[in-house]
Each structure stands twice: as structure tokens, then as C-alpha cells.
Amino acid sequence: MTKNKNGQIDHSRRAALRMIAAGGVAGLIAPNLLGKPAFAQTPPAAPTGRIIVGLSQEPTVFHPLMAHIEVDDGVNFSMFDALFRITPEGEIVPNLTTEVPSLENGGISEDGLNWRIKLRDDVRWHDGTAFSADDVKYTLELITNPDFRAWRTTGHALVRDITVVSPTELTWRMEEAFAPYLSFLTETFMVPKHILEAQADMNEGAFHQAPIGTGAFKWGRRIAGDRLELVANPDYFGEGPYIEQLVFKYIPDMTVLYTQFRSGDIDVVGQSYLTPDNYAEAKDLPDRVVTLVPKASVESIYFNLDLPQFQDLAVREALYAAIDRMAIIDALNYGVPRETETFMPTQSYFYNPDLPKHEFDLDRARQLLDDAGWVPGADGIRAKDGVRLSFKNSTTSGAHLREQAQQFIQQTYAEIGVEMLIENLPSAVMWGDFWVRSQFETAMVGITYLIGSDPDVTNRFHTKAIVAKGGSGSNNAQYSNPEVDALLEEGARTFDPEKRKDIYLQVQEIIRRDLPFMPLFANTSVYGIKKGVEGFTANANTRTESWHAAGWYWA
Amino acid sequence: MTAFLLKRVLQSLVLLVIVSIIGFAVLNLIPGGPMAQYALDPGMTQDDMDRLAEQLGLNRPIWVQYFDWAWRMLQGDWGTSFRDGNPVTTVIGRHVFATFLLMGSSTVIAVAIGTWIGIRGATHRYSIFDYAATIGAMVALSIPTFWFGLIGIYVFSLKLGWLPAGSMYTIGDGSVLNYLHHLIMPSTVLALVHIAIWSRFMRASTLDAISQEFVKTARAKGLSERRVIMKHVVGNALLPMITLAGVQLPSILTGALVTETVFTWPGMGRLFLDSLGYSDYPVVMGLLMFSAILTILGNLIADIVVALVDPRIRLA
């Protein structure tokens, strides 16, 4: 394994697999933890040059608090700041603040209800106005304003009595103790009160088309359908920026994205990165640095646990054992992703490495079904009490790798007397009510479970999060286990990381046992950057490669 | 002429209403909708999505939504994009130039070359040239544009390095030459299909004209073959092509879906695809109405031009 000068790792697929087996995935991102290697070049004194990031979706929502998708995050992180940032290791560090509130420093009261935030005094908006506690208050209140088309409101809805103590200090009270809020605040970007208050409509206006932030880059211009140009903010209070211009270029086709990376038209391949089928070729390209970066999302097959055939744990165990997972990873996905047994990202502090390992074993699968009384009928399909072991599997149509995996699983299932029908739907249909209201039978889906790095998964596994049963959340499997519910409630109230770790290790253990979904693999992105781009680090705790463009520079 | 125009305008209005009702109904019948893109967002709850749907007015009955949209449309308000919060007319306006540039240049190439091939194919019927042109047209029509595009990028950008792999111009360089350099490959690729269509129509139309009595008369008068073709055949053969051009006018602005995607060209075809993908109803409806109006205008202009050029036709 060789380390090149910007701290990235060139490694073969074999080496990567060895490393995963040996020491967990932390090894893959470990070089980033060290920050800049001592022998790296130093950034230029004044911002120079331009870096072009290629994106396969177009950033279009520039008010950072409005409903948006992943690609918009890269722009937000570059133009705005939050109270805190999250490092690649998952540590929450000050951004617009001077400290991260905790029980120890008194920033959060013992009961977790009273918060005190201390702000930096040297921050200015791009128009020169000083940033202050009033802006923070305005931002947090805007999110819960019923007329504002806000993005997610979880956590924010619990905040009460925001009080500005001084321009650099404010306090608030939480309706109930909610530990994940600290992590949520790393993705809550502060907006300028003095500009937005003067704007007639909070949902549209000049700010939304050319926003003013505090971040390392200022708004340049946007060519709709083509690209967005940001320019350096020389007065930025933090590190950088070292480049004059940051360009987000929209390239709608994944093949073309790769082609333009090869031809040198783009410097950094952003969201949705290179496709696994290009990895083998891309990693040998001259003057390009191509790396595998673990993602927070997990690819899995979700059960709709409301269906009679899936209520028997033996069935779920048998179906899991009958998936040849390594073949899906190696043969279909070019060995890029990694095995996992849990929803928790492998690089997380809360990851449980001691879960039972999946083994592909058709005999065991048959045995499990035989023992549970599922016997093959006249048509060869197993049945019990009049319920046939037959179901549909759905995912986004046109997702080739998933479609291949479906066909592959369909074959091994047929060998154990289980019928899996494939019924794929266009993206907007698949992830509409069909998914949200649990109308699917089984679904092949890639899910990011965590917000920031916080291990809270109430939204995914708590009984009250089953929409199909009148709840609110994204418990699409309709999974319900009182033990898990209790643990999740306790976890959300607990601030001590050690204690929280115990709780979420247990949650993972129970969910691995109950199998509301069958983990296929932990997703891995294939990142590509041009040689000479320095200061680039990946951060699986954010949704974007451009979470820290302020630190990028040309060698 | 005034009566004719009045009648056409009335017909067009009825047509626009029908198009808008069908478009609106079909769009809203597609399950999913604008909220689907947030379904996998870790922190987005059903409450958040319901709130957004309500704020966007999506939970009202479809006919209420339609009349609301139509009433605003009548007042000249095309609505606001869900995706980027801009007025629909602004969103469309921003993409018109790119498409116009691409389709305009490829149409010029296609008409010039297609007309020539068509005439020559007709006058040299069953010659090697004619067979080659026929086979060439079939090939160009049956191979998908994206394939031509990707092969072009592979050969001319990656292997030879002569032409850029896409985009309208190099970032930081907006010179005319730079535009032209970027225009060569996409417009040629697009033109291939149009040359094929245009040359087939032109060939048929020329053959039609050649078999007319007045051509025999012209030849009998002892006119040179060149003069017969140029003066008597081509002029008449071009008449039906005016109508064809009128029908094709809207496709000039909306027809480059695939090419725009392959060459990352920021035009209206891609805007349409993206807006559909995001279920950005106001923009999709806007594009639909825009192309419906263009179709109507294209046909109207073609009818008027044909009447002006051909003294036998009178508008009534």
C-alpha cells in the first residue's frame, strides 16, 4: 500500500478486502484522520486557480434551510457555516461557535434541557454585516415557521425560548432531552436575518437565487442547467479558501461524467461518483487519483413485515442464508462494496463488529424452512397454512446492478422452493407512497440511517415511526419490537457517548437477530480527483464530497 | 386573410386547453410526485413531507389545482418551479438559447446537405449514389443518437483529442471560436438524423415534381437539364418541404433530449427530462404549453408561407 503525497491511498481491491477483513474499514479512511501529511505542499498565500466538481444531478436549491437533495449540500457547505461541523472521524467541532456545548463544560444542563451556545466574534456575512446571535435565533425560528417550506424539522421542533444573551451568546430550552440534536446542528446552516427579514416572501426571492452566507466561498453566478460558479471569500474567518473559483458542473449522464473525468474536463468527480464498473479502468488512469470511500448507506432487501409469509423469523433467516452475498459484491459490483451485518456505518464509533456473520448456505436455508413447517407444494413452492412462500421484489427500474442482483437472488431462492417475482418501478413511483406507506412486499433499497454521525435510528425502527399504521417516520419495514423502542427512547435522552454506545450496540444486535431487512453490503463510493488537487478529504458523516472545499488547493 | 387568422386563433385556443387538460391529468396521475425524492432522506419524516405537499398546494383536489393553474396562466403567470423557485418563464428562457444554438446549427447543416442529397438521389435514381444515400439514411435513422454521440466522444475527444467531450464552452473561455469548437460534434451528431429524414422527403418530393407534365414541356422546349432541375423541379419540390419545416419547428426547440444529455448541453430537452424526474409540475406544464404554442405557430407560419410562395393556394 503506498501513500501518495496528498494523503490518499492507492490500493488494490485485494488489499482493500484484506484490510476490511483485518481491521475494519476505519483503515480506509485513516489517512484522512491525520490531516495534512507533513511532507505535503503548503497551500498558496492568496487564492489561486479553479477546481471543477462534476455532479450527476443539478444543484438548484440555494436557501440552505429549504427542502433539498444531496447535491445541494456541497453548495451549502461551501457558502454557509453551521454552529458545528463534523469531522471525517465523526467528532463534532466548533464552526461558528467557540466551543461545542456538553455536560462537562456546562453548555448543556444535566437534564439535557438547557443549552448555551457561545459564538465567534469575528464572523461576517458576505455583504460585510457582522454575524451575531440574532441570526442564529432567526434561523432556528424560521425552520419551524409553518409557512416556510423547510427541510426536515426533527429536533428543531423541540427548541423553545431562544434567548439572545449577547451578540455572541444565546440560550434555549428543549421540550425534551434529545441528544441527536447536536449532530443535526452540523447540517443546519445559519442564514442572515438582516437580508431575509427584508425579503417579502420567505419561500422565494433574491436571496434564494444568489444567497449570502458566511462561508469560504461567495456566490458567483449560475448558468441554469449547466453549472454554478462560486468565488473565494478572502475575508473568511476559518481555514482557506485557497482557490479563486469553485465550480459545480452538472453532467447528467454517468458515462459522460466518467468520460469528462478521463478527458480532464473536471477535476473532482462529485455526487454520484464513478460507477463501480469503471473502477478497474479508472484506478490505473495516469494523473488521476481514484479511491474507494466508505459511504454511510447500506444496501439491503427490506421486508414488509405486515405480510403473513414474513412474520415467521425462520423464513427471514432462511431467505438471508439463501443469498450468495459475496457473489453479488464481487461479480456484480466489481468487489467495490463491503460486507456488513448492520445499518450502522462500519466507520461509526457506534458500529457493532461482533454481530453474527452471514453465511451463504442453501442447505441450512432448506432446513430452517422444513423445521418451521414450510413444505413444498405441487408447484414446488413452499407453503404453510395456505400461505405460499412467494413474494415480489421491487426497486427503481433501470438500476442495472440492482436488477442483476435481483435476478441472481431469484435463482438461489428458486433452489430452496421460494418464488421471488421482480416488479420494478420508476423512481418517483417506487419511492412515493409505494415505499413510504409500505405497499411493497420486499424492496431492494440503499438507505442512509444516520443524520450526521448520530446513531439515533428512531425514525427507522421505532414502532411510532410506521406510517402505514398511522405513525410518523420511515419505518417502512413496519418493524415493531418493544425492546428496541425502549432502547431507542433511552438512547435519544442519553448524552454520554460511552453509555450511548452500549445502547446502540444492543439495538444492532436485536435488529440483526430480528432481520427486518437483509443487509447486502455497505455502499462504497468510487471517488476520483485529478492529481494535483490537494487538501481533499472524504467525510462519510456528510452527504457530500464538497464538505470542506475551503481546504482544497492546487499543488 | 383576417377571417382565416381569426379562425385559426380560435382553433388554437381550443387545442391549447385540451393539451393542458390532458397534460395536467397525466402528470398528476403518475404516482410518486415531487416528494418522492425526499423519501430516503434520513431525517425527513412523513410529517415533513405532508407539510411540504400542503405548502406547495399538492394536497388539493386535482381540478382545483388545474383551475388555479389555468387562471394564473390566463393572467400571464406560468407559475414557479418547485425545484429552483424561479418563475417558469425564467427557467425556460434560460435554456432556450442553448437549444436554439444547437438545433439551429444542426438544422442548417441538415437542410443544406439533406436537400442536396435528396435532389441528387432523385435525378440520379438507382445510381450508386442513390443506393448509398438510401442505405446511409436507414443506418442514420436506426442507430440511436446517443450511440453516435458516445462513439464521437470516444474517437474525437478521448483518442484523438481534437474535440471537447461536451459542454457548450470551456469554463473561463467564452469566445465565439470556443463555442464553435464545442458545437461541431453535437450539431453534427444531431444533423445525421435530420439529414436522413430531410433527404428522404426531398428525394420523394423531387421525384414527384420530375414526373409532372410541365417538366416534360420544359425538356421539350430544349432547356438544359440543369435549368430544368433548378428552375422547374426544385422550386416545386421545395413546396411540401415548407410544411415539413413548419411541423419540425417545435422539435428544433424541444427535440434534442438525448443529444443534450450526452454532450452535457444545457438546453430545453434536458430541462424537460430533469423536470420530469423531479416531478417539477409547473416547469413540465410550461414546457408542454410552450411546445404546443410553437407547434401551432409553426403550422400557421408554414400555411402562410406556402400561400405566399404558391399562387395556386389561397387562404380562406
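Keep in mind the model is a prediction, meaning the values are calculated, not measured.

## Looking at the pattern of salt bridges
Residue and element names in this part refer to chain A. This structure, assessed with the given rule, holds 39 salt bridges over all chains. The shortest N-O distance in the salt bridge between Arg 513 and Asp 514 comes to 3.6 Å. Via salt bridges that share partners, Arg 221, Asp 226, Arg 227, Glu 229 and Lys 249 belong to a single interconnected network.

## A look at the domain arrangement of chain A
Residues and elements named next belong to chain A. As far as domains go, chain A holds domain 1 (1-30 + 81-199), domain 2 (36-80 + 215-287 + 531-555) and domain 3 (297-524). Once you take the C-alpha centre of each, domain 1 and domain 3 turn out to be 31 Å apart. At the junction of the two partners, domain 1 supplies 20 residues and domain 3 supplies 17 residues. Both sides together, the interface formed by domain 1 and domain 3 hides about 1,500 Å², and carbon and sulfur atoms give 71% of it. Taken together, the links from domain 1 to domain 3 amount to zero salt bridges. At the level of secondary structure, the elements contributing two or more residues to the side of domain 1 that touches domain 3 comprise α1 (13-23), α2 (26-33) and α5 (181-184). In terms of residue count, the dominant contributor to the side of domain 1 that touches domain 3 is α1 (three residues). The residue inventory of the side of domain 1 that touches domain 3, partitioned by class, reads 14 nonpolar, three polar and three charged.

## Section: a negative patch on the surface
Together, Glu104(A), Glu110(A), Asp111(A), Asp496(A), Glu498(A) and Asp502(A) make up a negatively charged patch on the protein surface. Its location among the elements puts Asp111(A) in the loop between β5 (92-94) and β6 (114-118).

## Considering unusual backbone geometry
For residues other than glycine, phi is negative in most cases, and the peptide bonds are mostly trans. Residues and elements named next belong to chain A. For the bond from Gly 240 to Pro 241, the omega torsion is -5°, close enough to zero to count as cis. Secondary-structure assignment places Pro 241 in the loop between β10 (227-232) and β11 (245-250). With an omega of -10°, the peptide bond running from Gln 271 to Ser 272 counts as cis. Mapping Ser 272 onto the fold places it in strand β12 (residues 268-274). A positive phi angle, close to 50°, is found at Asp 385, a residue other than glycine.

## A closer look at the sheet that holds β6(A)
In a beta sheet, neighbouring strands pair by backbone hydrogen bonds and run either parallel or antiparallel. Residue and element names in this part refer to chain A. The antiparallel open sheet is built from three strands, whose spatial order is β6-β8-β7. The open sheet is flanked by β6 and β7 (159-166), the only strands paired with a single partner. The sheet shows a mean angle of 20° between the axes of neighbouring strands, direction not considered. In this structure, β6 lies alongside strand β8 (residues 169-174), joined through five bridges in antiparallel fashion. In the sheet register, Arg 116 faces β8, and the bridge partner there is Thr 171. This element, helix α4 (residues 133-143), spans β7 and β8 of the sheet and lies at about 170° to β7.

## Remarks on helix α8 (residues 254-263) of chain A
All names here are of chain A. Taken as a whole, α8 has its buried residues at Val 256, Leu 257, Tyr 258, Thr 259, Gln 260 and Phe 261. Backbone nitrogen of Thr 255 and a side-chain oxygen of the N-cap are separated by 2.9 Å at the start of α8; the cap is Asp 253. Gly 264 lies just past α8 and shows a positive phi near 90°.

Calculation notes
Residues numbered from 1 in each chain as written. Chains lettered and ligands numbered in written order. Predicted model: local features only at pLDDT ≥ 70, side-chain atom pairs only at ≥ 80, totals over all residues. Heavy atoms only, no water. Salt bridge = Lys/Arg side-chain N within 4 Å of Asp/Glu carboxyl O. Domains from an automatic or database assignment. Contact = heavy atoms within 4.5 Å. Buried area = accessible area lost by both parts, 1.4 Å probe. Helix = DSSP H or I, 4+ residues; strand = E, 2+ residues; numbered from the N terminus. Nonpolar A, V, L, I, M, F, W, Y, C, P; charged D, E, K, R; others polar. Patch = residues over 30% accessible without salt bridge, like charges linked within 9 Å, V, L, I, M, F, W, Y side chains within 5 Å. Areas by Shrake-Rupley, 256 points an atom, 1.4 Å probe, with all protein chains shown as cover. Lys, Arg positive; Asp, Glu negative; His and termini not counted. Charge placed at Lys NZ, Arg CZ, Asp CG, Glu CD. Pairing = 2+ DSSP bridges. Axes fitted to C-alpha atoms, helices over the stretch in contact; angles between N-to-C directions. Buried < 20%, exposed > 50% of the residue type's maximum accessible area, 1.4 Å probe, protein only. Polar contact = N/O pair within 3.5 Å; in protein donor to acceptor, adjacent residues only side chain to side chain.

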